[in-house]
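# Commentary on secondary and tertiary structure
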Amino acid sequence: MTRQLANRPFERPRGVFELPRDEWLVHYDRITGTPTSTQPLHAALLRGIHNEHVFQVNTGGTEEPLSCGLAVAELGLVGLFDIATSATARRAGHGRRTVEALLAWGSTKGADHAYLQVVADNADAIALYRSLGFETLYRYWYRVGAA
């Protein structure tokens with residue numbers, strides 16, 4: 001999904017904070033329930049990001065982050081990745097504030113378009129992204145050979 005950022009003012013919502021990668025990963029793993037066995041691979045992938053990027057969490061005024069996300073800026077684009085909201089905090093605006101904060105960050109880095117990927121059957125996330133002005137650019141799928 002993609003959307004334009006040009007000519008749209010963005011303000012960073014309250015309660016959203018930037019964190020260092022390793023601290024952010026602890027919260028991401030807790031929010032998503034990432035299995036311990038896959039955490040080292042995810043951390044390695046994130047260490048491989050060489051473009052300007054930011055890791056953000058939204059506390060929603062609580063002690064612990066309720067949602068999180070990552071943005072990467074490159075060539076007038078900002079990509080949003082690893083957007084997640086705690087299962088107990090969904091449908092309360094936390095994901096929206098996280099995405100808005102990432103878009104605000106991207107616009108300060110000169111991005112005029114944003115993009116993200118979302119699983120096709122994640123209706124709640126798609127509805128959120130559409131409400132934020134994202135539109136489907138194209139669909140893709142993975143093919144797996146016979147075992």
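In short, a report on the structure. All figures in this text were calculated on a predicted structure; none of them were measured in a lab.

Attention now goes to the sheet that holds strand β3 (residues 53–58). Ordered in space as β1-β6-β5-β4-β3-β2, the six strands form an open sheet in which the pairing is mixed. Two strands bound the open sheet, and with one partner strand each, they are β1 (2–4) and β2 (16–18). Going from strand to strand, the sheet's axes swing by 25° on average, the running direction of each strand aside.

This brings us to the nonpolar core. Of all hydrophobic cores here, the largest spans 20 residues; its most connected members are Ala71, Val78, Leu80, Val99, Leu103, Tyr129 and Phe134. Those elements that provide at least two residues to this core are β4 (67–74), β5 (77–85), α3 (94–108), β6 (113–116) and α4 (123–131). Residues contacting Phe134, with those up to four places away along its chain left out, are Met1, Thr2, Arg3, Leu80, Val99, Leu103, Ala114, Tyr115, Leu116 and Tyr129. In terms of nonpolar packing, the next biggest core, distinct from the first, is built from 14 residues, Leu25, Tyr28, Ile31 and Ala84 among them.

To continue, consider the pattern of salt bridges. Summed over the entire model, instances satisfying the criterion amount to four salt bridges. Arg21 is the partner of Asp22 in a salt bridge, and the nearest nitrogen-oxygen pair spans 3.3 Å.

This part covers the side chain of Ser67. Within the element layout of this structure, Ser67 appears in strand β4. At a separation of 3.0 Å, a polar atom in the side chain of Ser67 contacts the main-chain carbonyl oxygen of His94. For Ser67, the residues in contact, after removing those within four places along its chain, are Ile31, Gln56, Val57, Asn58, Ala84, Thr85, His94, Gly95 and Thr98.

Turning to the layout of surface pockets, a few remarks are in order. Its volume calculated, the largest pocket comes out at about 830 Å³. Those elements that provide at least two residues to the lining of the largest pocket are β5, α3 and α4. In this structure, the second largest pocket encloses a volume near 420 Å³. Forming the walls of the second largest pocket are 18 residues, and the residues nearest its centre are Met1, Gln117, Val118, Tyr138 and Tyr140.

Here helix α2 (residues 39–47) has its buried residues at His42, Ala43 and Leu46. In an axial view of α2, the angular spread of the buried residues amounts to 100°, which keeps them on one side of the axis. In α2, those exposed residues whose orientation departs by more than 90 degrees from the buried face are Pro40, Leu41 and Leu45. Against α1 (21–32), β3, β4 and β5 lie the buried residues of α2.

Of all six residues that make up β3, five are buried, and the element is covered over most of its length. Taken together, the three bridges between β2 and β3 define a ladder with antiparallel strand orientation. Following the sheet pairing, Glu18 is matched in β3 by Gln56. Of the strand pairs in this sheet, β3 and β4 are connected by six bridges, and their pairing is antiparallel. Residue Val57 lies in a different strand from β4, and its bridge partner there is Cys68.

What follows deals with the packing of α1 against α2. Between α1 and α2, the least distance of the axes is 11 Å, while the angle of their chain directions is 140°. On the basis of their axis angle, the class for α1 and α2 is oblique. Relative to α2, the crossing made by α1 is right-handed. The segment α1 lies against α2, with Arg21, Trp24, Leu25, Tyr28 and Asp29 engaging Gln39, His42, Ala43, Leu46 and Arg47.

Rules used throughout
Starting from 1, residues in each chain are numbered consecutively following that chain's sequence as written. Reporting of local features is limited, given that this is a predicted model, to residues whose pLDDT is at least 70; pairs of side-chain atoms are given and counted only at 80 or more, and all residues count toward the totals for whole chains, interfaces and linings. In computing side-chain values, all of the structure's heavy atoms are included and hydrogens and water are not. At least two DSSP bridges between two strands are needed for those strands to be called paired. Starting at the N terminus, helices and strands are each numbered in turn, a helix being any DSSP run of H or I of at least four residues and a strand any DSSP run of E of at least two. To obtain an axis, a line is fitted to C-alpha atoms, over the contacting stretch when the element is a helix, and the angle between two such axes runs from 0 to 180 degrees between their N-to-C directions. In these notes, a set of buried Ala, Val, Leu, Ile, Met, Phe, Trp, Tyr and Cys residues joined through side-chain atoms within 4.5 Å is what counts as a nonpolar core. Only protein chains enter the accessibility calculation, which uses a 1.4 Å probe; a residue is then buried when its area is under 20% of its type maximum, exposed when over 50%, and partly exposed in between. Pairs of residues are marked as contacts when any of their non-hydrogen atoms sit within 4.5 Å. The salt bridge definition used is simple: a Lys or Arg side-chain nitrogen within 4 Å of an Asp or Glu carboxyl oxygen. The term polar contact refers here to a pair of N or O atoms within 3.5 Å; inside protein, the definition further demands a hydrogen-donor-capable atom paired with an acceptor-capable atom, and it admits residues adjacent in sequence only when both atoms are side-chain atoms. Every definition here rests on a 1 Å grid over the protein atoms only: cavities are sets of points where a 1.4 Å probe fits but cannot get out, pockets are open sets enclosed by protein on both sides within 12 Å along at least five of seven lines, and lining residues have some atom within 4 Å of a point. Grid points are joined across faces, edges and corners, and a volume is the space filled by probe spheres set on the points. Within this analysis, the arc is defined by the directions that extend from the helix axis to the C-beta atoms. Any angle from 65 to 115 degrees is called roughly perpendicular, while one under 35 is roughly parallel, one over 145 is roughly antiparallel, and all others are oblique. A clockwise turn of the near helix away from the far one marks a right-handed crossing, whereas an anticlockwise turn of less than a right angle marks a left-handed crossing.

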